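Coordinates in review
Here's the letter readout for the chains.
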Amino acid sequence: PGEIVSLQLAVDGAVSPFVWELVPEYRIGFSKVPVADRGGTLLYNGQFGNPVNRLELPFPLRFYGTEYDHFSVTEDGEILFDQEERPYPYAIDSSLVFRSVRKINGFGRDLDYYMPGNSISWVGTDTILSITWKAIVPTMSGGEAVMMVCDIYPDGRIRYGYDKPEVMFPEGAFQDLG
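By convention here, each chain's residues receive numbers from 1 onward along its written sequence. Selection of residues for local features in this predicted model requires a pLDDT of at least 70, selection of side-chain atom pairs for listing and counting requires 80 or more, and totals for whole chains, interfaces and linings are taken over all residues. Excluding hydrogens and water, the side-chain values take into account all heavy atoms of the structure.

To continue, consider the pairing of strand 3 (residues 66–74). Residues in a regular strand project their side chains so that they alternate between the two faces of the sheet. Strand direction decides the pairing type here: strand 2 (residues 52–63) and strand 3, joined by 8 bridges, are antiparallel. Along strand 3, the bridge assignment pairs Leu 61 with Tyr 68. Two strands are counted as paired when DSSP detects at least two bridges linking them. Counting from the N terminus, the helices are DSSP H or I runs at least four residues long and the strands are E runs at least two residues long. In this antiparallel pair of consecutive strands, strand 2 and strand 3, the connection spans 2 residues, and Tyr 64 shows a positive phi of 50 degrees.

The following block contains the structure:
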C-alpha cells in the first residue's frame with residue numbers, strides 16, 4: 001500500500017497502427033496468499049486435450065467494456081478474447097492458429113507439460129471460474145514445477161495466484177504482460 005509501481009510497456013511483433021489506452025476502472029493489486037488447487041475438468045496435460053481450449057463462462061464477464069460469454073485458455077497461461085482464426089500456414093503450429101486482440105497474460109513465457117501431474121484444468125460456478133495450470137517453468141538450472149491459478153468473478157475481478165512467484169518471476173527477469 002502506498003508504493004508507486006512503474007511498468008514499461010513495449011510492443012514486440014505488432015504492426016502499426018496500435019493504440020495504448022489507460023483504462024482507469026481496472027486496478028492491479030499484489031498480495032501474498034496461498035494458492036489453492038481447485039481441481040476440476042482436465043483441459044490439457046501434454047498428451048490429452050488441446051493447448052488452446054474454448055471455455056463457456058458460467059456467467060457473463062465484462063472486459064474492457066465488452067461482455068463475453070466465452071474465452072479461450074492457452075497452455076502458456078493466457079486468456080484470449082475476440083479471437084480470429086488464421087488460415088494456413090499458421091495452422092502448422094497450434095499456438096499460431098488464433099490471433100487475439102484482447103488477452104490477459106498471466107506469465108509471459110512458455111510453460112512446459114512433460115512431467116506426470118502437469119495439466120490445465122478448470123472449474124466454474126455462478127460465482128467463480130477458476131483455471132489451474134500445473135506446469136514446468138524453464139529456469140537456468142533446468143525446469144521447475146509450478147502452479148498458477150486464475151480466479152475470475154462475475155463483477156469483472158480477475159486474480160492470478162502463483163505458488164512459486166520467486167521461480168516464475170525472478171528479480172530482473174523480463175515479464176511480458178501481454
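For the rest of this paragraph, the subject is the pairing of strand 7 (residues 129–139). Exposure is judged per residue with a 1.4 Å probe applied to protein chains only, and the accessible area is read against the type maximum: over 50% gives exposed, under 20% gives buried, and values in between give partly exposed. The element strand 7 is largely enclosed, with a buried count of 8 among its 11 residues. Of the strand pairs in this sheet, strand 6 (residues 119–124) and strand 7 are connected by 6 bridges, and their pairing is antiparallel. For Val 123, the partnering residue across the bridge sits in strand 7 and is Ser 130. Counted along the chain from strand 6 to the antiparallel partner strand 7, the turn is 4 residues long. In this sheet, strand 8 (residues 142–152) lies alongside strand 7 in antiparallel orientation, the contact comprising 11 bridges. Paired with Trp 133 across the two strands is Met 148, which belongs to strand 8. Adjacent in sequence and paired antiparallel, strand 7 and strand 8 are bridged by 2 residues.

The subject of this paragraph is the packing of aromatic side chains. Here is the rule: rings of Phe, Tyr and Trp (six-membered ring for Trp) pair when centre to centre is within 6.5 Å. Planes less than 30 degrees apart are stacked, more than 60 are edge-to-face, and the remainder are tilted. Using the criterion set out here, one finds 8 aromatic pairs in the structure. Geometrically, the ring pair formed by Phe 107 and Phe 169 is edge-to-face, given 5.7 Å between the ring centres and 65 degrees between the ring planes. Taken together, the residues span a long stretch of sequence, with Phe 107 in the loop between strand 5 (98–105) and strand 6 and Phe 169 in the segment after helix 1 (165–168) at a distance of 62 residues. Relative to Tyr 160, the ring of Trp 133 has its centre 6.1 Å away and its plane inclined at 20 degrees; by these criteria the two rings are stacked. Linking Trp 133 in strand 7 with Tyr 160 in strand 9 (residues 158–162), this pair joins segments that are 27 residues apart in sequence. Neither Trp 133 nor Tyr 160 differs from the other in exposure class; each is buried.

So, about the sheet that holds strand 1 (residues 41–44). Within the open sheet, the 5 strands sit side by side as 1-6-7-8-9. Their pairing is antiparallel. Every interior strand has two partners, whereas the edge strands, strand 1 and strand 9, have only one. With strand direction ignored, the average angle separating the axes of adjacent strands in the sheet is 25 degrees. Strand direction decides the pairing type here: strand 1 and strand 6, joined by 3 bridges, are antiparallel. When the sheet's bridge partners are listed, Leu 42 is paired in strand 6 with Ser 121. Here an angle of 0 to 180 degrees is reported between the N-to-C directions of two axes, which are lines fitted to C-alpha atoms, with helices fitted over the stretch in contact.

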